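Reading the structure
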Amino acid sequence: MIDLIGYGAFFLTTALIFSLVTLGLNLQWGLTGLFNVGLAGFVAIGSYTSALLTTPDDAARLGGFGLPILVGWLGAMVVGGIAAALTGMATLRLRSDYLAITTFGVAVVVQLVALNAQKLTGGPFGIGFIPRPFGGLAETPLLFNLSNLAVVAAVTLIAYLALEHLSRSPWGRVLKALREDERAAISLGKSARFYRVQAFAVGGAIMALAGALQAHFTGFIAPDNYLPILTFQVWVMLIVGGSGSNLGAVIGSILVWGIWAGSGTLTSVLFAPEQQARAASLQIVAIGVMLCVILLIRPNGLFGDRLQRLRGKRVKVPAGESGFGS
């Protein structure tokens, strides 16, 4: 029973880290309509930034400043936000598939730098000895996993509440207006590029924070952690939960990660060790089948139709408050 509780805490911690990435993507795509398929790159930036700031000194590479974990997380958000803002300023004039190709290229560049810049990132060997919250409890897996779950859950809750507030604020209403009818928003004096860069930067900072949490939870990172499959997983999580819904982003992440982990466990039980490498592809098949079923039953995702119902209701606007307030 104790082992089951410990595994449940480990599972939820990983799922909530995915939820943070999905919340960042929901801000970019669900709220603003920015098609980012390079999110693995921003997660990697956050992971490596926090690792370099907090690990002990290492003669084999740069960094290793030994700073507190919170400083590493803040540094990851700053660097990730700046990287996303620079990417946004360079690419957000593009639309749909062109933007997707460009952001995917950014993620590939980040992954290649992590793989080859051995003096900075450790190259294919990665970075180890990353300090872990409550590392002194590592010999007691149950307490260690529960403590980390509490930290990750608190960070995810703060991010969720902040994004819910932002989506209902005048800033969030401008982003929705740009997504729905860009010309109408621009005619009211709103700068489309300025607001989109802001949304892209905030989303990138949240993704980088998720990467930092993951690095400190596992204690080791390597370039193989940030392959395009990560982008595929997060997009499926958002689509299943419902694009535009922060609650859907969280629930979708937990559900999809449960299916991903469960199918991995099932293949390890059903197939012989020499066949498990090929059988691992069944995880992607399971996610694909689940995605098709959900889209057939609920085309807007589990919580997407909730937004459609809310849009159909009449909303009473207090006197003196406009829909595109600054």
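Residues numbered from 1 in each chain as written. Predicted model: local features only at pLDDT ≥ 70, side-chain atom pairs only at ≥ 80, totals over all residues. Heavy atoms only, no water.

Observations regarding the overall build of the protein chain
Scanning the protein chain for helices and strands turns up 14 helices and 0 strands. Each helix and strand of the protein chain, ordered N terminal to C terminal, gives the series α-α-α-α-α-α-α-α-α-α-α-α-α-α. Relative to a compact globule of 326 residues, whose C-alpha radius of gyration would be 20 Å, the protein chain shows 20 Å and is just as compact. Taking the principal axes of the C-alpha coordinates as reference, the protein chain spans close to 60 × 45 × 35 Å. The buried share of the protein chain, taken over its 326 residues, is 47%. Taking as baseline every contact in the protein chain between residues at least 6 positions apart, the subset at least 24 positions apart corresponds to 78%. Of the side chains in the protein chain, 21 bear a positive and 13 a negative charge, and the two mean positions are spaced by 13 Å. (Helix = DSSP H or I, 4+ residues; strand = E, 2+ residues; numbered from the N terminus. Rg over C-alpha atoms; globule rule 2.2 N^0.38 Å. Buried < 20%, exposed > 50% of the residue type's maximum accessible area, 1.4 Å probe, protein only. Contact = heavy atoms within 4.5 Å. Lys, Arg positive; Asp, Glu negative; His and termini not counted. Charge placed at Lys NZ, Arg CZ, Asp CG, Glu CD.)

What about the nonpolar core?
One finds Leu 20, Leu 39, Ile 221 and Leu 230 to be the most contacted residues of the largest nonpolar core, which totals 80 residues. In this view, Ile 221 contacts Ser 47, Tyr 48, Ala 51, Gly 126, Ile 127, Ile 130, Gln 214, Ala 215 and Tyr 226; residues no more than four positions away in its chain are not counted. (Core = buried A, V, L, I, M, F, W, Y, C linked by side-chain atoms within 4.5 Å.)

Examining the packing of helix α3 (residues 69–91) against helix α9 (residues 192–218)
Relative orientation of the contacting elements α3 and α9 amounts to 145 degrees, with a least axis distance of 7 Å. At the point where α3 passes α9, the crossing takes the right-handed sense. Packed against α3, whose contacting residues are Ile 69, Trp 73, Ala 76, Met 77, Gly 80, Gly 81, Ala 84, Ala 85, Thr 87, Gly 88 and Met 89, the element α9 presents Arg 193, Val 197, Phe 200, Ala 201, Gly 204, Ala 205, Ala 208, Leu 209, Ala 212, Leu 213 and His 216 at the interface. (Axes fitted to C-alpha atoms, helices over the stretch in contact; angles between N-to-C directions. Left-handed = near helix turned anticlockwise from the far one by under 90°.)

Description of the environment of Glu 180
Note that Glu 180 resides in helix α7 (residues 170–180). On the basis of relative accessibility, which here comes to 52%, the residue Glu 180 falls in the exposed class. Residues Glu 180 and Leu 163, spaced 17 residues apart in sequence, show a C-alpha to C-alpha distance of 19 Å. A polar atom in the side chain of Glu 180 sits 2.8 Å from the side chain of Arg 179. (Polar contact = N/O pair within 3.5 Å; in protein donor to acceptor, adjacent residues only side chain to side chain.)

Concerning the UniProt feature "transmembrane region" (unreviewed entry) in the protein chain
Sequence positions flagged by UniProt for "transmembrane region" (unreviewed entry) are, in local numbering, residues 6–27, 34–53, 65–86, 98–117, 142–163, 199–222, 234–260 and 280–297. Annotated as residues 6–27, this span is 100% helix and 0% strand, and its ends, taken at the C-alpha atoms, are 32 Å apart. With 94% helix and 0% strand, the stretch residues 280–297 has end C-alpha atoms that lie 27 Å from each other. (UniProt positions renumbered as here; feature names shortened; annotations may be inferred.)

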